[in-house]
Amino acid sequence: MAVAKEKETPLFVWEGADRNGNRKKGELKAKSSAMAKAQLRKEGINVLKIKVKSKPLFGGGSRKAITPLDIAIFARQLATMMKAGVPLVQSFDIVGSGHENANMSDMIFGLKAAVEGGSSLTEALKKYPLQFDDLFCNLVQAGEHAGILEAILDKVATYKEKSEAIKAKIKKAMGYPIAVMVVAVVVVTILLLFVIPQFEDMFSSFGATLPAPTLFVVNMSKFLQEWWWLIFGTVGGFLFTFGYIKKRSRKMRNTLDRISLKLPVIGPILEKASIARYARTLQTMFAAGTPLVEALGSVSGAVGNVVFRDAVDQIQQEVSTGTQLNKAMINTGVFPNMVLQMTAIGEEAGALDGMLGKVADFYEDEVDNLVDGLASLMEPIIMSVLGVIIGGIVVAMYLPIFQMGQVV
């Protein structure tokens with residue numbers, strides 16, 4: 001029985017210059033290019049070029065995009081390591097070495113190299129703006145200044161995990177009916193393009209007038225066979241244009257955000273999710289010791305909907321001029337009465353972060369319940385619609401056969 005080979009360390013080929021400016025080149029084994037560069041810098045080499053000569057044969061890890069969930073897990077692992085008394089640099093080494101995503105490992109070792117080079121953790125994180133947003137960096141900076149980095153990382157991890165859980169719930173609510181409808185369109189298209197023409201050939205030998213439902217389905221099949229390229233081209237072009245404009249037009253995204261809150265069933269889910277994100281983000285920032293006005297600046301980019309983003313911007317302006325938080329929230333007209341009352345109680349009792357946490361918990365549970373209810377509601381409706389459409393086509397095609405049987 002063959003024994004599996006251990007994971008090999010990549011071999012890097014490098015070129016650089018020493019302290020005297022003399023050109024040097026060589027080979028070096030390291031877990032990542034960042035670690036290789038760090039090692040060479042310690043030896044007084046200014047690296048000019050570096051690339052992998054040989055890659056790991058087994059267990060090298062696949063290269064996948066770094067997701068927000070990866071960042072949440074990274075924050076949780078880092079917090080756990082630091083709570084256990086493991087030094088920050090060693091924590092990077094442990095977490096990075098065991099990661100299955102090679103891109104994530106490279107980033108972690110890049111953070112390690114930056115911290116080893118004298119940068120603070122906040123400065124190191126800011127080198128990866130696509131993975132660590134302003135909210136993440138601001139919270140870590142507050143934790144470093146207050147000397148409670150492990151506690152802040154724990155809060156960041158909790159925030160990220162709950163935020164991703166809400167996003168997953170919303171995607172589930174939106175994705176299920178869309179997926180079923182796509183399958184329905186595919187099934188109907190196959191029936192009209194490939195199945196109905198077989199019946200049409202059979203009906204042509206009957207020499208009798210076809211029932212109206214059968215004629216309707218046959219004509220639909222003929223139209224689709226003749227103009228399928230135009231139909232699918234138009235639909236594909238519309239979807240591409242819609243996505244292109246949405247990606248580049250802030251005005252269109254804002255309009256869609258406003259419309260989405262007014263949709264039946266889906267609207268309340270999106271609204272409660274935005275309130276939950278508002279409360280959870282503000283609670284996390286406030287608990288970290290971030291000043292309220294500065295915290296609201298980070299909250300604005302985290303609520304996920306332009307209506308609430310504009311409301312948070314308005315709140316920030318009013319709070320900066322001395323208005324109480326709950327009064328500023330009332331003036332926006334977008335927050336439910338319960339949120340306003342709990343915010344007011346939190347301000348009066350000096351326990352705003354605790355109250356905001358309870359608001360976030362409540363609305364996160366509300367989103368869970370609404371999504372579960374939506375799935376229960378949509379399933380029978382979608383199945384009924386599919387049954388009517390596909391069953392109607394099948395019945396329409398068998399009507400002539402039934403009529404012939406009655407005549408015989």
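Undergrad: I'd like a rundown of the overall build of the chain, residues and numbers included.
TA: Scanning the chain for helices and strands turns up 15 helices and 3 strands. In summary, the chain has a C-alpha radius of gyration of 30 Å against a globular reference of 22 Å for 408 residues, an excess of more than 25%. The principal-axis extent of the C-alpha atoms belonging to the chain is close to 100 × 65 × 45 Å. For the chain, the proportion of its 408 residues judged to be buried stands at 38%. Summarising the internal contacts of the chain: among those between residues at least 6 apart in sequence, 62% fall at separations of at least 24. Carbon and sulfur atoms provide 60% of the accessible area of the chain, an area that totals close to 22,800 Å².

Undergrad: Please provide a residue-by-residue account of the packing of helix H2 (residues 68-83) against helix H7 (residues 149-203), values included.
TA: Running from N to C, H2 and H7 cross one another at 150 degrees; their axes reach a closest spacing of 8 Å. Our classification of the angle between H2 and H7 gives roughly antiparallel. Considering the relative orientation of H2 and H7, their crossing is left-handed. In this structure, H2 contributes Pro-68, Leu-69, Ile-71, Ala-72, Ala-75, Arg-76, Leu-78, Ala-79, Met-82 and Lys-83 to the contact, and H7 contributes Leu-149, Glu-150, Leu-153, Asp-154, Val-156, Ala-157, Thr-158, Lys-160, Glu-161 and Glu-164.

Undergrad: Could you give an account of the pattern of salt bridges, with specific residues and numbers?
TA: Across all of its chains, the model carries 9 salt bridges by this definition. Where Arg-76 meets Glu-161, a salt bridge forms, and the shortest distance between an N and an O atom there is 2.9 Å. Within this pair, whereas Arg-76 is found in helix H2, its partner Glu-161 is found in helix H7, the two being separated by 85 residues in sequence. Relative accessible area serves as the criterion here: at 23%, Arg-76 is assigned to the partly exposed category. For Glu-161, a relative accessible area of 33% gives the class partly exposed.

Undergrad: For the confidence of the model for the chain, give the residues involved together with the corresponding values.
TA: Within the chain, residue pLDDT values average 81, and 92% of them lie at 70 or more. Looking at the elements of the chain, mean pLDDT is at its lowest for strand S3 (residues 46-54), recorded as 72, and at its highest for helix H13 (residues 325-332), recorded as 91. The low-confidence segment residues 1-7, where pLDDT is below 50, has 6 contacts with residues more than four positions distant or belonging to other chains. Here residues 54-60 is modelled with pLDDT under 50, and outside its nearest four sequence neighbours on either side it reaches 12 contacts, counting other chains as well.

Undergrad: Kindly report on the packing of aromatic side chains, identifying the contributing residues and their values.
TA: The relation between two aromatic rings is expressed through the spacing of the ring centres and the mutual angle of the planes. Here the structure, examined in full by the defined rule, presents 9 aromatic pairs. Relative to Phe-92, the ring of Phe-74 has its centre 6.3 Å away and its plane inclined at 15 degrees; by these criteria the two rings are stacked. Placement of Phe-74 in helix H2 and of Phe-92 in helix H3 (residues 88-97) is noted, with a sequence separation of 18 residues between them. Across this residue pair, the class does not change: Phe-74 and Phe-92 are buried. A ring pair is formed by Trp-227 and Trp-229, whose centres lie 5.8 Å apart and whose planes are at 40 degrees; its orientation type is tilted. Classification of Trp-227 by relative accessible area gives partly exposed; the value is 32%.

Undergrad: Let's hear about the pairing of strand S2 (residues 23-29): which residues, and what values?
TA: Every other side chain in a regular strand lies on the same face of the sheet, so the side chains alternate between the two faces. Where strand S1 (residues 11-17) and S2 come together, 7 bridges link them in antiparallel fashion. Among the inter-strand pairings, Glu-15 is bridged to a residue of S2, identified as Lys-25. In sequence, S1 turns back onto S2 through a hairpin of 5 residues, with Gly-21 there showing a positive phi of about 85 degrees.

Procedures and definitions
- Residues numbered from 1 in each chain as written.
- Predicted model: local features only at pLDDT ≥ 70, side-chain atom pairs only at ≥ 80, totals over all residues.
- Heavy atoms only, no water.
- Helix = DSSP H or I, 4+ residues; strand = E, 2+ residues; numbered from the N terminus.
- Rg over C-alpha atoms; globule rule 2.2 N^0.38 Å.
- Buried < 20%, exposed > 50% of the residue type's maximum accessible area, 1.4 Å probe, protein only.
- Contact = heavy atoms within 4.5 Å.
- Areas by Shrake-Rupley, 256 points an atom, 1.4 Å probe, with all protein chains shown as cover.
- Axes fitted to C-alpha atoms, helices over the stretch in contact; angles between N-to-C directions.
- Parallel < 35°, antiparallel > 145°, perpendicular 65-115°, else oblique.
- Left-handed = near helix turned anticlockwise from the far one by under 90°.
- Salt bridge = Lys/Arg side-chain N within 4 Å of Asp/Glu carboxyl O.
- pLDDT = per-residue confidence, 0-100.
- Phe/Tyr/Trp six-rings, centres within 6.5 Å; stacked < 30°, edge-to-face > 60°.
- Pairing = 2+ DSSP bridges.

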